[in-house]
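Next come the chains, spelled out residue by residue.
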Amino acid sequence: MPEPDLRPGTPAPVGPAPLLVALIAGQIGLHACMTGVRMAAPLQALRQGLPAWAVGLLMGLFALAPIVLALQAGRLVDRRGYHRPMHAAIVLAWLGALCAALATALPAEGSGLALLAMALAAVLVGAGANIGLIATQRTAGRHARDPAAMRRVFSWLGLAPALANVVGPVLAGTLIDLGGFRLAYAAMCLLPLAAWACTRHVPHELPPPRPPGPRPSAWGLLRTPGLRRLLLVNWLLSSSWDVHAFLVPVLGHERGFSASAIGLVLGLFAAAVAAVRLVIPLVAHHLREGPMLAGAMLATAAIFAFYPLVHAAWLMALFATLLGFALGSVQPMIMTTLHQITPHERHGEAIALRSMTINFASALMPLLFGALGATLGASTLFWLMGAAVGAGSLPARRVGVRT
């Protein structure tokens, strides 16, 4: 399969190239398997009468494997390219979905064994989705030959998790209602196989020559000029995403909104994220990473300043849409910068470091939000996060490579 022509001076493609379509579809298969199992497993645990702490443990385990295994996955991707790590990710995700299916066959009195099986499923599926993400992002970045093309590539690629977050939970929930958890997990087992079919359309990459001497530590990458600043900006923006998802239901409950109204607010946020990632490829050659990131952070800070003052559902939906536009624009900029400032042969490790910071925040920040929210209130937490993000816009201006 020919690679997409993304050299400087070539016209911008109207849509993603066939190679990019294969990468996106493969990631959707893996990520949808993970999100489907992540939705179904806690629900199954609750229906089996397991305690609330067990449900919290299950949710945390989905992020544990990406934190622990990310650096090893990044090194594997740097050494082996796309296919071998992606095949390993597919096997892990398939085994995880299979473990979840087997848990449905355990008797009710064996709830301890069921919890163990679902915990193993969470670890395996979480690990598979993360390894596949690192392999996909590294490969996509290598098929872009200039920063504008890279922004387009990562904008298209950013649609994969958004679509997977719809496909996985909706498919799993529908099948649970139709035929039970076993049927839902059987469908989740098929999604990694669909991802495997997509890998056949990705060209094989020759392994790079192994450099002499011991391999440098992945943590040494943090000495790369600009990388720590980029990771700080990434962490602040990721935490903004998490605090919004955490506090919108809280604010909505305080204001007496219906469940459908709260769901609409979150749904419009997700739709805005997808919409802005469809627009970025059309204007990628006009964008610069530093100003875009700083602008997104200032916009987020302003929205967070007014969000707690809103008492009408339609106004909250409007603010959520604006926030989706701001936060949805940052992932292509961060990934483009990451590929520009880190060594070519260590892109996998650099992506893994970013993955660790995101998953660490996703695992721990809800606990912090819960503690602070109970003490200070949801409004104060919005304002504190807005102040932190606004201050982060200063270092964000220095992010990026001028071309």
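What you are looking at is a predicted structure, and each value in this text was computed from that prediction instead of being measured.

## Some details on the overall build of the protein chain
Logical step 1: Each helix and strand in the protein chain was counted, giving 14 helices and zero strands.
Logical step 2: Reading the helices (α) and strands (β) of the protein chain from amino to carboxyl end gives α-α-α-α-α-α-α-α-α-α-α-α-α-α.
Logical step 3: Put simply, 86% of the contacts in the protein chain that link residues at least 6 apart link residues at least 24 apart.
Logical step 4: With the model as given, the accessible surface of the protein chain reaches about 17300 Å², and the carbon-plus-sulfur share is 71%.

## Topic: the nonpolar core
It is characteristic of soluble globular proteins that their nonpolar side chains tend to be buried jointly.
Logical step 1: Grouped together as the largest cluster of nonpolar side chains are 121 residues, with contacts concentrated most on Leu 293 and Tyr 307.
Logical step 2: If we skip the residues at most four places from it in the chain, Leu 293 touches Val 233, Leu 237, Val 330, Met 333, Ile 334, Ala 396 and Val 399.

## Here's the deal with the environment of Met 150
Logical step 1: Examined against the element boundaries, Met 150 turns out to sit in helix H5 (residues 147-157).
Logical step 2: Between the C-alpha atom of Met 150 and that of Met 333, which follows or precedes it by 183 residues, the distance is 8.8 Å.
Logical step 3: When residues no more than four places from it in sequence are discounted, the contact partners of Met 150 are Gly 141, Ala 144, Met 335, Thr 336 and His 339.

## Some thoughts on the side chain of Thr 321
Logical step 1: Turning to its location among the elements, Thr 321 is positioned in helix H11 (residues 313-328).
Logical step 2: Non-local contacts of Thr 321, meaning those with residues more than four positions away in its chain, are made with Leu 268 and Ala 272.

## Brief notes about a nonpolar patch on the surface
Logical step 1: Together, Val 91, Trp 94, Leu 95, Leu 190 and Leu 193 make up an exposed nonpolar region whose accessible area comes to about 430 Å².
Logical step 2: Elements with a contribution of two residues or more to the nonpolar patch: helix H3 (83-103) and helix H7 (181-199).
Logical step 3: In terms of residue count, the dominant contributor to the nonpolar patch is H3 (three residues).
Logical step 4: Mapped onto the elements, Leu 190 comes out in helix H7.

## Regarding the packing of helix H1 (residues 18-47) against H5
Logical step 1: One way to put it is that H1 packs onto H5 with a least axis distance of 10 Å and a crossing angle of 35°. Relative to H5, H1 is oriented so that their crossing is right-handed. Only Val 153, Trp 156 and Leu 157 of H5 make contact with H1, whose side of the interface consists of Leu 20, Leu 23, Ile 24 and Gln 27.
Logical step 2: Of the residues in the contact of H1 with H5, the class split is six nonpolar, one polar and no charged.

## Re the packing of H1 against H3
Logical step 1: Here H1 crosses H3 at 25°, and the two axes come no closer than 11 Å. The angle between H1 and H3 falls in the class roughly parallel. Note that H1 runs across H3; the crossing there is left-handed. The residues of H3 that touch H1, namely those facing Gly 26, Gln 27, Leu 30, Cys 33, Val 37 and Gln 44, are Met 86, Ala 89, Ile 90, Ala 93, Ala 97, Ala 100 and Ala 103.

## Here we look at the side chain of Ser 155
Logical step 1: Topologically, Ser 155 is positioned in helix H5.
Logical step 2: Given a relative accessible area of 0%, Ser 155 falls into the buried group.
Logical step 3: Reaching out from Ser 155, the side chain makes a polar contact with the backbone oxygen of Arg 151 at a distance of 2.8 Å.
Logical step 4: When near neighbours in sequence (up to four residues on either side) are disregarded, Ser 155 contacts Arg 277, Ile 280, Pro 281 and Pro 332.

## Notes on the packing of aromatic side chains
Logical step 1: In total, this model carries five aromatic pairs according to the counting rule given.
Logical step 2: With a centroid separation of 5.1 Å and 10° between ring planes, the pair formed by Tyr 307 and Phe 382 is classed as stacked. Of the two residues, Tyr 307 sits in the loop between helix H10 (289-306) and H11 while Phe 382 sits in helix H14 (residues 378-396), which places them 75 residues apart along the sequence. Accessibility classification places Tyr 307 together with Phe 382 in one group, the buried group.

## Structural notes on the pattern of salt bridges
Logical step 1: If you walk through the whole model with that rule in mind, you get three salt bridges.
Logical step 2: Of the charged contacts, one joins Arg 346 and Glu 349 as a salt bridge, the two residues approaching to 2.8 Å between their closest N and O atoms.
Logical step 3: Take Arg 346: its relative accessible area is 10%, and that puts it in the buried class.
Logical step 4: Shared partners join several salt bridges into a network, and the residues in it are Arg 75, Arg 346 and Glu 349.

## A short note on H7
Logical step 1: For H7, which comprises 19 residues, the first-to-last C-alpha distance of 28 Å matches the rise-based estimate of 27 Å (1.5 Å per residue) to within 8%.
Logical step 2: Those residues of H7 that are buried are in contact with H1, H3 and helix H6 (159-179).

## Topic: helix H8 (residues 227-254)
Logical step 1: The end-to-end C-alpha distance of H8, which contains 28 residues, comes to 40 Å, matching closely the 40 Å that a straight helix rising 1.5 Å per residue would cover.
Logical step 2: In the structure, H8 departs most strongly from a straight axis at Leu 247, where the bend amounts to approximately 30° and where the proline Pro 249 lies between one and four residues downstream.
Logical step 3: Gly 256, located one to two residues past H8, shows a positive phi value of around 75°.

Rules used in this analysis
- Residues numbered from 1 in each chain as written.
- Predicted model: local features only at pLDDT ≥ 70, side-chain atom pairs only at ≥ 80, totals over all residues.
- Heavy atoms only, no water.
- Helix = DSSP H or I, 4+ residues; strand = E, 2+ residues; numbered from the N terminus.
- Contact = heavy atoms within 4.5 Å.
- Areas by Shrake-Rupley, 256 points an atom, 1.4 Å probe, with all protein chains shown as cover.
- Core = buried A, V, L, I, M, F, W, Y, C linked by side-chain atoms within 4.5 Å.
- Buried < 20%, exposed > 50% of the residue type's maximum accessible area, 1.4 Å probe, protein only.
- Patch = residues over 30% accessible without salt bridge, like charges linked within 9 Å, V, L, I, M, F, W, Y side chains within 5 Å.
- Salt bridge = Lys/Arg side-chain N within 4 Å of Asp/Glu carboxyl O.
- Axes fitted to C-alpha atoms, helices over the stretch in contact; angles between N-to-C directions.
- Left-handed = near helix turned anticlockwise from the far one by under 90°.
- Nonpolar A, V, L, I, M, F, W, Y, C, P; charged D, E, K, R; others polar.
- Parallel < 35°, antiparallel > 145°, perpendicular 65-115°, else oblique.
- Polar contact = N/O pair within 3.5 Å; in protein donor to acceptor, adjacent residues only side chain to side chain.
- Phe/Tyr/Trp six-rings, centres within 6.5 Å; stacked < 30°, edge-to-face > 60°.
- Expected span 1.5 Å × (residues − 1).
- Bend = angle between axes of the 7 residues up to and from the residue.

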